[in-house]
Every structure is written in structure tokens, then in C-alpha cells.
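Each chain is listed here by its residues.
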Amino acid sequence: MDTSLSRRDFVAASAALATAPFGAPVVWSRSSVKPAVISSSNGHMFKNGGDVTCVEKAYGLIESGGDVLEALIEGVNIVELDPADTSVGYGGVPNMDGVVQLDSSCMHGDKKWAGAVAALEGVRTPSKVAYRVASDTDHHLLVGEGAQSFARNLGFKIEDDLNTERSRKIWLDWKRRIDPAHFLDPSTRKKALMAMIEEGVLDPIHAFGTINCNGIDAEGRIAGVTTTSGLAFKISGRVGDSPILGAGLYVDGSVGAAGSTGRGEANLATCASFVIVEEMRRGAHPTDACLAAMRRIKSNTVEKRLLDDRGRPNFGMEYYAIDAKGRSGGASTNPQGRFALCDSDGPRLVDCAYAWG
Ligand code: GLY
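Because the structure is a prediction, the values reported are computed rather than measured. (Residues numbered from 1 in each chain as written. Predicted model: local features only at pLDDT ≥ 70, side-chain atom pairs only at ≥ 80, totals over all residues. Heavy atoms only, no water.)

A. Expanded view of the overall build of the chain. Regarding its fold elements, the chain presents 11 helices and 13 strands. A compact globule built from 357 residues would reach a C-alpha radius of gyration of about 21 Å, and the chain, at 20 Å, matches this within 12%. Projected onto its principal axes, the C-alpha positions of the chain cover 75 × 50 × 35 Å. The buried share of the chain, reckoned over its 357 residues, is 54%. Taking the intrachain contacts of the chain between residues at least 6 apart in sequence as the baseline, contacts between residues at least 24 apart amount to 64%. When the accessible surface of the chain is split by element, carbon and sulfur atoms take 53% of a total near 15700 Å². (Helix = DSSP H or I, 4+ residues; strand = E, 2+ residues; numbered from the N terminus. Rg over C-alpha atoms; globule rule 2.2 N^0.38 Å. Buried < 20%, exposed > 50% of the residue type's maximum accessible area, 1.4 Å probe, protein only. Contact = heavy atoms within 4.5 Å. Areas by Shrake-Rupley, 256 points an atom, 1.4 Å probe, with all protein chains shown as cover.)

This is the structure:
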């Protein structure tokens, strides 16, 4: 590992010394930040038959000196590959045509890298392809067939179908409920989805499920990744917030990282991850920054069909953020919403702030 002081380290050290009170020189330490990894709660649930969860894997790699973004990608790969999580990667709930189309983005704060793929078919780990867009190209977003061709050229295995027996069964159930004459109608689609949730065929997490994972290493390097199969039974070609920089993920290496799970359309119209990072830039704690984005979502939601009887957004949304001091936080429209955190105290779930509390 490179132990030389970077320009940023040098500036920070000089600033700390310059502001030290007389007689109490500040001894600036490179290990003053406590490494940490945060994610949506599925980062604490799935192990794909192995020993560790996403946040444990990523934290372990960061602790042993691995690159912060590479560590996070390896972490979310566990969830992407686990067919038990039907909201991400292999076995994700397919689109209206029964095809699994995946979205992912990643950002590396120190290297100023960004990469994303959208509507990618046939690759179980879209986050790895997003990483290669960031590391190997001067583009930021590849979509559809182009993204698949890029992955094929790099040697990724392309499969005909990423459905599992379970995800196909869920899709067939949806097909039976949908009137083909009205399949584009939002209320028809929502009715079918809600009925499936009420009957336990689909849990709410998996209707809009996604994993966002952000981390910081001991030297303050910050990164983030978001990956998803997107909205269950989406119109073919629909792209949500997850692969859109500033919406489903945003990282600024000197400020922090933020990402989201939940209704992508609301996030796209709000650029919520960017809003959160900008709030942190102004000094807000990550939790308060996430709550500020929630207020923005509320003020941007005016259509009656998207409001509950108290005039609040009737869809799920969660934000997760970590700042350059290593502080973390989250906010959720679910009063029981929690996020996963792994640091030197070990992996655990932490309560999100309630959006409408
Ligand atoms: N947040 C995931 C999606 O809406 O696609």
C-alpha cells in the first residue's frame, strides 16, 4: 500500500497544524477515520451459501488494505449472485416480458471514477461491469445491447436467462393477474403488485428492491455502488435511479457518499443522492442530509395516485449516507426501516430516521 502523503493529506495536515491552539499542536494521523461500510438491510442478510454478508466482506477487504471500491463491489456481488434475493442480479424479478434487466452504478471518490450500466441482460454481476466502465473507459454509462457487448468483449459470461425457478414463478403469477389490454396503466399495474404483496407472493422489499453500499477506509477514501433488477415487472427498457449518477448513487471524495433504494422514478426527478451529498457538504450529519432529501421527495410528489390519505408519498424510499468523518445515517419511509453497518464493532442493523416522523 502507498504510504506517502497525498496532496490532499498534506493540505489537511497543514490546515490542522495551522489551526492548533498555542501549546497544543494537533498531531494529524492518517488513521484518524474509522473505516466503515453501510448498505441497505439486504447487505446484512444474504450470504449466497458462504460465511459472510456483503458488509462483512467489504469491511474485511478494506481492513486488509484493499481498494475501497473493489471491496464494495465484492461485497454486493454476494447479493447479486444469491438467488434468494429476488431484487438484485441473478434471480431478480424480471420485467413485464419475463426478462431480467439489470442496472448498476459505482463511483470512486479518490480516483474520481464513475461507471454504470443500464438494462443489461445476461450478466449476473452488473456491478462488475459498471466497475469496468469506470476503470477501463472514458464513458460513464452503457446501456442494453451495447453494455452486454462490452461485457462479452471483456470476457464476462453471458447467459440466455437470469431467471431462477422462483423469479419465473413470481412473473407467471403477475401475468395471470394483469389484463393485457391495460398492462401500461399505472393503476392496473399497481393493483396487481399490491395484491401480490398482500398475498405474500412478493414482499415489498422485492418490488423495488436494490442494494446500495458505501464505504470509507482508514485514509478517508470513499466509494459507493448501487445494483438492482429494478422495479418488478417494469415496462421493458425501463431504467430506474440505480445506474443514474446523482440519483441512485453519488460520491464526492472530500464529502461523502449516498445512495438509495425504493421508487426510482421519484429519485430520478429529485437527484436525491446528489442532494444528500450537497447537504453533507454544508455540514449536515448524514441522517439529517437523508431527511432533507426525503422532504424534497415529499414536495416533488403531487400526483394524487402517489399520495396517501395524509398527503404523503405512498411509495417506499430509503437513503443511506456516509461522510468523510466516517459518520453514517439513513432515512426511510418505513418506520421500521433499518440499514446495515459494519465497522470495528462488527456487523449490525441500525434504525433509519423515519421520513415522516
Ligand atoms: N430503486 C430501484 C429502481 O427503482 O429501479
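B. The arrangement of unusual backbone geometry in detail. Notably, Phe233 is not glycine yet its phi reads approximately 60°, a positive angle. A relative accessible area of 1% places Phe233 in the buried class. If you check the backbone angles, Cys271 has positive phi at about 50° while not being a glycine. Turning to its location among the elements, Cys271 is positioned in the loop between α9 (264-268) and α10 (272-281). In this structure Cys271 comes out as partly exposed when scored by relative accessible area, which is 38%.

C. Summary view of the sheet that holds strand β13 (residues 353-354). Spatial strand order, β7-β8-β9-β10-β13: 5 strands in an open sheet with mixed pairing. Only two strands of the sheet have a single neighbouring strand rather than two, namely β7 (249-252) and β13. Sheet topology places strand β8 (residues 256-262) next to strand β9 (residues 317-323); 7 bridges connect them, and they run antiparallel. Looking at β9, one finds that Gly262 is bridged to Met317. Most of the contacts of α10 go to β8, to which it runs at about 145°, and overall it touches β7, β8 and β9. Along the sheet face, helix α11 (residues 286-300) touches β9, β10 (328-332) and β13 and points at about 145° away from the line of β9. (Pairing = 2+ DSSP bridges. Axes fitted to C-alpha atoms, helices over the stretch in contact; angles between N-to-C directions.)

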